[in-house]
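# Overview (structure and organization)
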Amino acid sequence: MKKLENQTLLYDEDCPICNIYTSKLIKAGMVDENGRKPYSEINEKEEIYIDLKRATNEIALVDSKNKTVLYGVDGLLKVFGHSYPLIEKIGTIKPINYVLKKMYKFISYNRKVIAPSREKKDITLKCIPDFNYKYRFLYLTFASIITTLVLYNYSNLFTFLPKANMGREFLLTLGQMVFQGIFLIHLKGDKIINYLGNLMTVSLMGSLLLLPILLVSIFLKIPETLTLIWFVVTVFLMLLEHYRRMKILELPFHLSITWIVYRIIALLLILNLH
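Residues numbered from 1 in each chain as written. Predicted model: local features only at pLDDT ≥ 70, side-chain atom pairs only at ≥ 80, totals over all residues. Heavy atoms only, no water.

## Points about the packing of aromatic side chains
- The final tally for this structure, using the stated rule, is twelve aromatic pairs.
- Geometrically, the ring pair formed by Phe158 and Phe231 is edge-to-face, given 6.3 Å between the ring centres and 80 degrees between the ring planes. Residue Phe158 is found in the loop between helix 8 (133–155) and helix 9 (166–182), and its partner Phe231 is found in helix 11 (residues 224–249); the two are separated by 73 residues along the sequence.
- Relative accessible area serves as the criterion here: at 29%, Phe231 is assigned to the partly exposed category.
- Measuring from ring centre to ring centre gives 5.4 Å for Phe179 and Tyr262, while their planes differ by 45 degrees; the resulting arrangement is tilted. Taken together, the residues span a long stretch of sequence, with Phe179 in helix 9 and Tyr262 in helix 12 (residues 254–272) at a distance of 83 residues.
- For Tyr262, a relative accessible area of 12% translates into the label buried.
- Sitting above the plane of the Trp259 ring, Arg263 keeps its charged end 4.0 Å from the centroid. (Phe/Tyr/Trp six-rings, centres within 6.5 Å; stacked < 30°, edge-to-face > 60°. Helix = DSSP H or I, 4+ residues; strand = E, 2+ residues; numbered from the N terminus. Buried < 20%, exposed > 50% of the residue type's maximum accessible area, 1.4 Å probe, protein only. Lys NZ or Arg CZ within 6 Å of the ring centre and 35° of its normal.)

Spelled out as structure tokens, the structure:
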């Protein structure tokens, strides 16, 4: 595999996603051992030709020899294309390139709600993406749809619950955001939406944990007790993750309590519909 030399990826050291894929590129031999560098360590000479603002939103591939920079998908295509030319050729086809860039922005602008990290106040250069309302609302919509689909199918595995319908599950998902938002009304709009992004990431994680049971249930009859136990364990793990995120975001503990309260209220409402 060809190793891309004299090229450095500037990554967000506080982003688990960025940490993982840049380290994997090094281990795979696509870039050399010094092929990545934390954004916060950009020096004064590099600041002259690096677009610092753009580099917070799109990972920058810096050519230290020619003093040039590629951002986001363009940089990643060059990295992969150096070892696998076909990937770069396919990735530069206009329709495909357009979709790749939209997908990249979708993840990049939401990476702090997908995998939050504590803000390091002692660092001058912080790799924090712009707050983009369009991509944040797209993420909330995406997470809501996935959560609704999983809950709808999982609810139908229980005989003691009223037959599920998409409308009910979607309203329950939206209701969670509205309910939690009431307790954050004193905060600025972007902080509320930032919390909601984290809230829906927790819901997405829960949905992924429920998927194995759903997939197995297609082929095998699973005891309802096991299905219920799996659901309870999933909710408990979601609660732990929610609490962990509240500490990172420095938000009040009572948000985890109201998170539980809403689920109890929702369950009682569903049971009363029987």
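More follows now that the structure is in view.
## Looking at helix 6 (residues 94–109)
- The end-to-end C-alpha distance of helix 6, which contains 16 residues, comes to 22 Å, matching closely the 22 Å that a straight helix rising 1.5 Å per residue would cover.
- Listed as buried for helix 6 are Asn97, Tyr104, Ser108 and Tyr109. Taken down its axis, helix 6 places every buried residue within 110 degrees of arc, on the same side. Among the exposed residues of helix 6, those pointing more than 90 degrees away from its buried face are Pro95 and Tyr98.
- Buried residues belonging to helix 6 abut helix 1 (16–27), helix 3 (52–57), helix 4 (73–83), helix 5 (85–91), helix 7 (111–114) and helix 8. (Expected span 1.5 Å × (residues − 1). Arc of directions from axis to C-beta. Contact = heavy atoms within 4.5 Å.)

## Focus on the environment of Lys67
- Within the fold, Lys67 resides in the loop between strand 3 (60–63) and strand 4 (68–71).
- Of the residues examined, Lys67 reaches a relative accessible area of 45% and is grouped as partly exposed.
- In this structure the side chain of Lys67 is engaged in a polar contact, spanning 2.9 Å, whose partner is the backbone oxygen of Ser64. (Polar contact = N/O pair within 3.5 Å; in protein donor to acceptor, adjacent residues only side chain to side chain.)

## So, the nonpolar core
- Membership of the largest hydrophobic core comes to 20 residues, with the highest contact counts inside it found for Tyr195 and Leu196.
- Of all the elements in the fold, those that place two or more residues in this core are helix 8, helix 10 (189–219), helix 11 and helix 12.
- When residues of this core are assigned to their parent elements, the largest contribution, eight residues, is made by helix 10.
- Setting aside residues no more than four positions away along its own chain, Leu196 makes contact with Leu140 and Met177.
- Grouped together as the second largest cluster of nonpolar side chains are 15 residues, Met30, Ile59, Leu61 and Tyr104 included. (Core = buried A, V, L, I, M, F, W, Y, C linked by side-chain atoms within 4.5 Å.)

## Quick notes on the pairing of strand 1 (residues 7–11)
- The element strand 1 is extensively covered by neighbouring structure, given that five of its five residues are classed as buried.
- Side chains of strand 1 alternate between two faces, with Gln7, Leu9 and Tyr11 and Thr8 and Leu10 buried alike.
- Here strand 1 runs beside strand 2 (residues 36–38); their pairing, made up of three bridges, is parallel. Paired with Tyr11 across the strands is Pro38, a residue of strand 2.
- Handedness of the β-α-β unit built from strand 1, helix 1 and strand 2 comes out right-handed. (Pairing = 2+ DSSP bridges. Right-handed = clockwise from strand over helix to strand, strands pointing away.)

## Things to note about the pairing of strand 3
- Every second residue of strand 3 is oriented toward a common face, with Ala60 and Val62 on one face and Leu61 and Asp63 on the other, all of them buried.
- In terms of strand pairing, strand 3 meets strand 4 through four bridges, oriented antiparallel. Paired with Val62 across the bridge in strand 4 is Val69.
- As consecutive antiparallel partners, strand 3 and strand 4 are separated by four residues, and within that stretch Lys67 has a phi angle of approximately 60 degrees, a positive value.

## Thoughts on a nonpolar patch on the surface
- A contiguous nonpolar patch, built from Phe160, Leu228, Val232, Ile260, Ile264, Leu267, Leu268 and Leu271 and spanning about 650 Å² of accessible area, is present on the exposed surface.
- By the element assignment, Leu271 lies in helix 12. (Patch = residues over 30% accessible without salt bridge, like charges linked within 9 Å, V, L, I, M, F, W, Y side chains within 5 Å. Areas by Shrake-Rupley, 256 points an atom, 1.4 Å probe, with all protein chains shown as cover. Salt bridge = Lys/Arg side-chain N within 4 Å of Asp/Glu carboxyl O.)

## Some thoughts on unusual backbone geometry
- One non-glycine residue, Lys67, lies in the positive phi region at around 60 degrees.
- For Glu250, which is not a glycine, the phi torsion comes out positive at approximately 60 degrees.
- As for its position among the elements, Glu250 is in the loop between helix 11 and helix 12.

## Some details on the pattern of salt bridges
- Counted by the stated rule, this structure contains nine salt bridges.
- Two residues, Arg111 and Asp12, come together in a salt bridge whose shortest N-O distance is 3.4 Å. Residue Arg111 is found in helix 7, and its partner Asp12 is found in the loop between strand 1 and helix 1; the two are separated by 99 residues along the sequence.
- A relative accessible area of 5% means that Arg111 is categorised as buried.
- For Asp12, a relative accessible area of 3% gives the class buried.
- For Glu169, the salt bridge goes to Arg168, with nearest N and O atoms at 2.7 Å. Assigned by exposure class, Glu169 and Arg168 land together as buried.
- Here the residues in one salt-bridge network are Asp12, Arg111 and Lys112, joined through shared partners.

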